Each structure stands twice: as C-alpha cells, then as structure tokens.
Amino acid sequence: MKIKTKNISFEKIAKIKRPKHFNPVKPNIFFRTLIRVLSQKDLMATKFTYTKTDMEKVGDEPCLILMNHSSFLDFEIAYKILYPKPFCVVATTDAFVSKGWLMRLIGCIPTQKFVTDVTLINDMEYALKTLKIPVLMYPEAGYSFDGCATSLPRGLGRLLKKLDVPVVSIHTDGVFLHQPLYNCLKKRKIKASADIKCILSKDEVREKSVQELDEVLEEAFTFDSFDWQYKNKIEITEPYRAEGLNRILYKCASCMTEGMMEGKGTSLKCHHCGKEYELDKYGRLNALNGETEFSHIPDWYNWERECVKKEIADGTYKLDTEVDICVLVDYKALYRVGEGRLTHDKNGFKLVGCDGKLEYTQKPLVSHSLNSDYYWYEIGDIISIGNKDTLYYCFPKGSNVDVVAKTRIAAEELYKTVRPKRAAKNEKTATIES
C-alpha cells in the first residue's frame, strides 16, 4: 500500500486549508458487502476462524469494540466477524489521503495517532448515540513491534464512562506472526483466529471505577504472540522469517553495541562482535556462537527497555539523527518539505530543518507513546510527532537508522517519569489554593 506524496516548500504548508470536519456516516450495505468480499482472499489464506464469548450481554444496543492491532488484516477480520452489521471505525488521518470521501462512506472516523483529540470523542458519541451503531477502535493506536501489547493510555476508563455503552473486545491470534511489522510486512503461512467477547456490560461500566475499568482493559490487552507460537508449536518455515528483526532487536545483548545488528534470512547477527543467532521455526532465538542471552524475542525487547530507562535515569539518553521530513495537514497528499534534524532527550523532541524555516518542539507529557512505524507506506521507517493541525513524519537517515524502536521506548518511559511529577505538582497547587 502506498500514499500520494507531493514536493512543496515548507512556507506553503501554512497556507494549506485544513480539512473540514464531517460527522461520521453509517456505511451502507453496498460498501459493507464490497469490503467483505474483497477481504475474503486474505482471510482464506490464513484459514481464519473465530469464536464468540458472552455476546448475549450486549444485545442489540450499540457498543464500543476494542481490538488488538498487528496489521491491516485486523480490519478485514472485523468485517468478517461483524458483517452485515454496520459500524464505524476509528482510523488514522494518513489513511484518508487521496481517498477521504471513500473512507467517510465506509464509516471511518479520522484521528491523529497519540494526539489529544476532543473531536474524536464527540464523533464516537455521535456514531453510538445518533447513528446507533457500534464503534471499532484500536486502543493501542500503533502496531505491535514485538508481538506483545503496546502501551495503553491511562484513564481510558474515563472514556468508557462517558460513552456509557457495553464494551466488546476482539482478540486475535496469529495475525502478528502472519505479517509482522519488522519483516517489511512480508506474509507467512500462519492460521489466524479471533475471539469476540463482551468484557463489560453497560451496568458494569456504570458500576466500576475508572481504575477498575482500566484494569479490565489491561487484562484484555495482555498477550504475547511469540509465546503463543512456541506453546502451540506453530511452525514458521519461511526462509526470510528473521529479516528486519534488527528493527526491534537493535542492541547486541552480547557486546551492548547499538545499530550494528542485521536480521537476514533466518539469522540475526551483530557486525560489531560477530555474535550470531538463528531464529528457529518456533520463534525462538538460538546462539550459533556462545551463550543465548535471550531466546524469547519479547524478553530481549524488554531488556532494551530497561537499558533505555537506565539511560534516562543517568541523563545519558539522546537521539540525534538527520531526517527527511514530510508533513500531513490535509487529505490531499503527504507533503515532502525537505531535510532536517530530529533530537530527543529528557526535554522531549525538537525538529529543525527546511533551511531554518522549521522548528518544532514537543514535551514528553504530550503523549504516553509515539507514532512510529516500519516501512511506512513502502517509503521507510518513521518517527512522527505533531499536533492536531500538523503532523511531522521524520524518516531517519545515515548509517544507524534502527532508532525507531528505541525512540518509542524512550518516549513511553519519559512520559512515565514526567507524569507523576506533573500529578504531584497539580495536587500541591490544589492544596495551596484550597
């Protein structure tokens, strides 16, 4: 899948009119059927099956549907399970580029990833209360990097309270392994399945506290695709299964060097110390020379997170990379505006470029995570920052381009560090004022 791009000067960005807001639309049966038919080929390739649990608690009333997110197949699975019922789906604004009219007609609600968006809440309420149809949302917002659940925004329970509808989860197995993001979305022969389950009735939403609702969501979004593969002895025999693995395992567990890992074929190798691992057919790493520090990929990824946390605590964490810069401000195109430099440290992000015409800063507290992606629209790996009016898509350049995963981890950990301090400050201020 590709996206329409256009080269323009940065000065012209400010003159581009921002998109007009439209209320969500109930998709008609023609579009619902068309998507259902077009999805059949991909679903048949994975021999997709699904089960239903406790759905009698929902009845016929509109509900909020929360689904874990691994690839585009998730969207097709949702149509398989929910068809012929109409529903709206929360989608990122870049998906609307050059096809905004179509996205609205199939019920998509636009939003920016990891950007505070009050309009989105209003649109969701409109779909649920006025159109009286379910709303599908991917609460993780971004695809999983390591096959485990990504960070959920805290206080999501407040949204459930406001919407006041039953909450349904769609949990998938096999989708991440079928087309992992790090593998440049190459498809593997894996069976996919899902379970659609009512995790909260309307009465339970009303009775539980926000914290209790958050705990229910956290439990529903706890999973490990590689562990599932190993325990069920799911074989992945494709000869390219380790390609791109360096995107998430960017730091050598043997010599601690970053940016020298290479995932190629079925192996992962450090070009600094020569340590090499084989990714077997059950998703386990085995060292070919020396000991195996981490056989389980998420364990390695979590170790990298601990390393980043230590860097933040020591004050040594720093991202500083040259980038190509694209800007998204409307649904007509992704605008290529030039080159620049992206830095990230305890103070947040700073992006400068376009011959000194662009300077944007973003504090750590802006978002609990980071919009980052691999092989984004077949262009390259990206780090995206911005606000409700303008999104900046940064494509790292240079010899060490495997910085996307580390930057997402750092953004999440910096948020966790800053948020308690802000809460304590607000509590202190409130006490003084009272």
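It should be emphasised that the depicted structure is a prediction, and the values quoted were computed from it without experimental measurement.

Caption draft 1: Helix H10 (residues 297-314), seen in detail. With 18 residues, H10 extends 26 Å from end C-alpha to end C-alpha; this agrees with the ideal 26 Å at 1.5 Å per step. Every buried residue of H10 is accounted for by Ile297, Pro298, Trp300, Tyr301, Trp303, Glu304, Arg305, Cys307, Val308, Glu311 and Ile312. Downstream of H10 by a residue or two, glycine 315 has a phi angle that is positive, lying close to 80 degrees.

Caption draft 2: Region of the structure containing the nonpolar core. Ranked by size, the top nonpolar core spans 63 residues in total, and within it Ile13, Leu245, Ile248, Trp300, Val337, Leu342 and Leu351 carry the most contacts. At 7 residues, H10 tops the list of elements feeding residues into this core. Not counting residues up to four positions away in its chain, the partners in contact with leucine 245 are Tyr182, Gly263, Leu268, Leu279, Leu285 and Ile297. By size, the runner-up hydrophobic cluster in this structure holds 45 residues, among which are Phe48, Ala95, Ala192 and Tyr377.

Caption draft 3: Local environment of the pairing of strand E17 (residues 371-376). E17 sits mainly inside the fold: 5 of its 6 residues count as buried. One ladder, built from 4 bridges, connects E17 with strand E18 (residues 380-386); its direction is antiparallel. Across the sheet, residue asparagine 371 finds its bridge partner in E18, namely serine 384. In textbook terms, the turn of a hairpin is the stretch between consecutive antiparallel strands, and for E17 and E18 this stretch comprises 3 residues, one of which, tyrosine 377, has a positive phi near 50 degrees.

Caption draft 4: Focus on a nonpolar patch on the surface. A grouping of Val25, Trp101 and Leu105 is seen on the molecular surface, where their side chains present a nonpolar patch of about 280 Å² in accessible area. Within the secondary structure, leucine 105 is located in helix H3 (residues 100-105). Judged by its relative accessible area of 33%, leucine 105 is partly exposed.

Calculation notes
Residues numbered from 1 in each chain as written. Predicted model: local features only at pLDDT ≥ 70, side-chain atom pairs only at ≥ 80, totals over all residues. Heavy atoms only, no water. Helix = DSSP H or I, 4+ residues; strand = E, 2+ residues; numbered from the N terminus. Expected span 1.5 Å × (residues − 1). Buried < 20%, exposed > 50% of the residue type's maximum accessible area, 1.4 Å probe, protein only. Core = buried A, V, L, I, M, F, W, Y, C linked by side-chain atoms within 4.5 Å. Contact = heavy atoms within 4.5 Å. Pairing = 2+ DSSP bridges. Patch = residues over 30% accessible without salt bridge, like charges linked within 9 Å, V, L, I, M, F, W, Y side chains within 5 Å. Areas by Shrake-Rupley, 256 points an atom, 1.4 Å probe, with all protein chains shown as cover. Salt bridge = Lys/Arg side-chain N within 4 Å of Asp/Glu carboxyl O.

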